[in-house]
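Tertiary structure, described
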Amino acid sequence: MILVLGGAGYIGSHMLKLLRETGESHLVFDNFEEGHREALLGSPYVQGDLRNRDDLRKLFADHPDIDVVMHFAAYIAVGESVEQPGKYFTNNTTAVIGLLEEMRAAGIGKFVFSSTAAIFGEPHYVPIDEAHPKDPTSPYGDSKLMVERILKAFDVAHGFKSVCLRYFNAAGADPENRIGEDHHPETHLIPVAILAAMGKKPSLKVFGTDYDTPDGTCVRDYIHVLDLAQAHLLAVKHLRAGGDSRQYNLGNGQGFTVRQVIDAVEHATGLKVPNEEAPRRAGDPAKLIASSDRIRADWGWNPQYGDLKVIVEHAWNWHKTHPEGYA
Ligand code: UFG
C-alpha cells in the first residue's frame, strides 16, 4: 500500500486521482493545515502531523501493509521561507528525518520525494539537467536539497531507496474539474492571474520587467499537475521492481514569460488581467527551464498536457466553477 503524505493538498490530491483510477491501494496522512478534506474524494485518510513521531509510529503500526511512501507534505512558498526559515527547516527537513527513521523502524525502504527546481538556484545554463550545480537561493530550496542529501546518505548507510522528483512550475487542474488549486494565500502566477481577471484579487503585480528575457519578465517552465503525478506512478513501479535511487527533473522543456502567461490567461478566460509593473521579487531566478530528457529516456515519461494553453484552460475551469475554492 502506498502512503500519501499531504494527500489533501494540491499535488497530493491529483496523485490520489491517479491512484484511484489505477486501483492502487493507498492511504492519505494529512494534518489538513493547508489541505482540503473535500479534495480526498473518497480516498481513505488518517489525520496526523508529520512533525509528530508518535503519530507516525502509530500510523505505521496500524498499517503494516504500507511499502512505499510519497511525500507531498511540505511548505512551498519561497518568499515566506526567507522570512520564516525555522518553519521551513522544521517541517520540510527535520520532520522528514523523523519520518525516515520511523519508516526504517517499520521496515519500509521506498520513498518518492517531491523536490523542486528551487534546489538549483540561479541557473548557470538552461535547460537545467540533473547535473546542473545545486545552489539554492532560498531556505525553501535549501530545505529540499538537504532532504535529497539525507536520502543519499540513507541509501549508502541503510540501502534505503528513493526517487526525488524535482518539479518545475506545477500548474493546471484535473480535466474532470473535481479538484484544483486552492492555496491560502495564493501566490502562484496562473491562479493569481485568473483570480485577478475574475476580480477576486487586486491587480496582478508583475514582479520585475528588466530581466534579460524576451520581454523583460521571468521565464518559467509550467508543468501540468497530472503529468507530475504520472511520474510518481513510474517511480513506484521502479522502486517496487527493486530499482536504485534516482533524481529527475520534471518540466516541459519550454519556457514562458510572465507576460505570455497573462496573455494565455486572457485568451482562455476572455477577460482582461488587470496588471501593473512591480519591483523584482527576492529570490526569483530570471529563467527556469527543465531538461526532462533523462526521465523520458529511462522511464518513457511523456507529459499528456504539455501545452500551456491546456494547462491554463484546466486551471480556469476549476476557478470558474469553484470561485471560492473548496470553501
Ligand atoms: N509572478 C508575478 N506576479 C505574481 C506571482 C508570480 O510576476 O503575482 C512571477 C514570479 O515573479 C515568477 C513567475 O511569476 O517569475 C512564477 O511565479 P510563481 O510564484 O508562480 O512560481 P515560482 O517560480 O516562484 O515558484 C514555483 C513554486 C516553488 C518552486 C519553484 C520552482 O512555487 O515551490 O516554482 O521553480 F520551488
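The following refers to the structure shown. This one's a predicted model, so the numbers in the text were calculated from it and none came from an experiment. For every chain, the first residue of its written sequence is number 1, and the numbers climb from 1 along that sequence. Given that the model is predicted, a residue must reach a pLDDT of at least 70 before its local features are reported, and side-chain atom pairs must reach 80 or more before they are shown or counted; all residues, however, enter totals for whole chains, interfaces and linings. Heavy atoms throughout the structure, all of them, feed into the side-chain values; hydrogens and water do not.

Structural notes on helix H8 (residues 258–269)
- Under the DSSP-based scheme used, a helix requires at least four consecutive residues in state H or I and a strand at least two consecutive residues in state E, with every element numbered from the N terminus. Helix span is expected to be 1.5 Å times the residue number reduced by one. If you check H8, its first and last C-alpha atoms are 16 Å apart, about what 12 residues at 1.5 Å a residue would give, namely 16 Å.
- Should any heavy atoms of two residues lie within 4.5 Å, those residues are counted as being in contact. On its buried side, H8 packs onto helix H6 (189–197), strand E8 (204–207), strand E10 (222–224), strand E12 (256–257), strand E13 (275–278) and helix H10 (308–321).
- In the stretch just after H8, Gly 270 is the one whose phi turns positive, near 70°.

Considering the site of the ligand
- If a single non-hydrogen atom of a residue is within 4 Å of a molecule or strand, that residue counts as near it. Lining the immediate environment of the ligand, one finds 21 residues, of which Thr 116, His 188, Lys 205, Arg 281 and Asp 284 sit closest.
- Two N or O atoms count as a polar contact when they lie within 3.5 Å, although within protein this holds only if one can serve as hydrogen donor and the other as acceptor, and sequence-adjacent residues are included solely when both atoms are side-chain atoms. Backbone polar atom of Ile 76 to an oxygen atom of the ligand: 3.2 Å apart, as the coordinates give it.
- In the model, an oxygen atom of the ligand is placed 2.9 Å from a nitrogen or oxygen of the Phe 207 main chain.
- For the ligand, whose free accessible area comes to 680 Å², the fraction covered by protein is 92%.
- Going through the elements one at a time, H6 and E8 are the ones with two or more residues in the shell around the ligand.
- Top element by residues in the shell around the ligand is E8. It accounts for four residues.
- Residue polarity follows a fixed list, in which Ala, Val, Leu, Ile, Met, Phe, Trp, Tyr, Cys and Pro are nonpolar, Asp, Glu, Lys and Arg are charged, and the others, Gly among them, are polar. For the shell around the ligand, the residue count by class is 13 nonpolar, four polar and four charged. Here the Shrake-Rupley method, with its probe set to 1.4 Å, supplies the accessible areas, and only the displayed protein chains count as covering residues.

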